[in-house]
Amino acid sequence: MLTHAETTHEHGLHSVTAIAELAGLHDAAAAGSGLPCQENPPDLWFAELPAEVEAAKSLCGACPVREACLAGALQRAEPWGVWGGQLLVQGAVVPRKRPRGRPRKDEVAA
């Protein structure tokens, strides 16, 4: 099973190694060591619960490839997940995950 950062080029995604190399971080690229997405459960980056999403976002805070990860995810229009410390939904950054069952934030035209 591939981790969040190890998804393959078949799906148009970059590996941690490629992202780290783009960011000029050859030591981190060597093994992907020290990167939060390599040291934590992969499901955390695609969590359903808002608290888990916030936990994943906070883990990205000190990541040396955070900016390159986010830039790559935005370029690829990732459909969802935490990338570079931000939550993406349908390829765009959203401020926070809303729990299921909550009313819409915006009014719907009837």
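Structure: see above.
What you see is a predicted model, and the numbers here were worked out from it, not measured in a lab. (Residues numbered from 1 in each chain as written. Predicted model: local features only at pLDDT ≥ 70, side-chain atom pairs only at ≥ 80, totals over all residues. Heavy atoms only, no water.)

### Remarks on the overall build of the protein chain
For clarity, the cut-off: A run of DSSP states H or I qualifies as a helix once it reaches four residues; a run of E qualifies as a strand once it reaches two. Both are numbered from the N-terminal end. Note on areas: these come from Shrake-Rupley sampling with a 1.4 Å probe, and a residue is covered only by the protein chains present in the view.
Along the protein chain, the regular secondary structure elements total 5 helices and 3 strands. Each helix (α) and strand (β) of the protein chain, taken in turn from the N terminus, gives the series α-α-α-α-α-β-β-β. Taken as a whole, the protein chain presents about 7000 Å² of accessible surface, with 55% of it coming from carbon and sulfur.

### Structural notes on helix α4 (residues 50–59)
Short version of the rule: Remark: exposure states derive from per-residue accessible area (1.4 Å probe, protein chains only) relative to the maximum for the residue type, with buried under 20%, exposed over 50%, and partly exposed in between. This arc corresponds to the set of directions leading from the helix axis out to the C-beta atoms. The contact criterion used is simple: two residues touch if any of their non-hydrogen atoms lie within 4.5 Å.
Along α4, the residues that are buried comprise Val53, Ala56 and Lys57. One side of α4 carries all its buried residues, which in axial view fall inside an arc of 100°. Turned more than 90 degrees away from the buried face of α4 sit Ala51 and Ser58, all of them exposed. The inward-facing, buried residues of α4 abut β1 (80–83) and β2 (86–89).

### Structural notes on the packing of aromatic side chains
Rules: Aromatic rings from Phe, Tyr and Trp, taking only the six-membered ring of Trp, are treated as a pair when their centres fall within 6.5 Å; an angle between ring planes under 30 degrees marks them as stacked, one over 60 as edge-to-face, and anything in between as tilted. Think of it as a cone above the ring: NZ of Lys or CZ of Arg counts as a charge over the ring if it is within 6 Å of the ring centre and within 35 degrees of the ring normal.
According to the stated counting rule, one finds 2 aromatic pairs in the structure shown. Seen in terms of ring centroids, Phe46 and Trp80 are 4.9 Å apart; in terms of plane orientation they differ by 65°. Their pairing is edge-to-face. With Phe46 in the loop between α3 (36–39) and α4 and Trp80 in strand β1, this pair connects stretches of sequence that are 34 residues apart. Consider the rings of Phe46 and Trp83, whose centres lie 6.2 Å apart with planes at 75°: the pair is edge-to-face. Taken as a pair, Phe46 in the loop between α3 and α4 and Trp83 in strand β1 lie far apart in primary sequence, 37 residues in all. Clustering of aromatic rings is evident, with ring pairs tying together Phe46, Trp80 and Trp83. A cation sits over an aromatic face here: Arg76 above Trp83, 5.3 Å from the ring centre.

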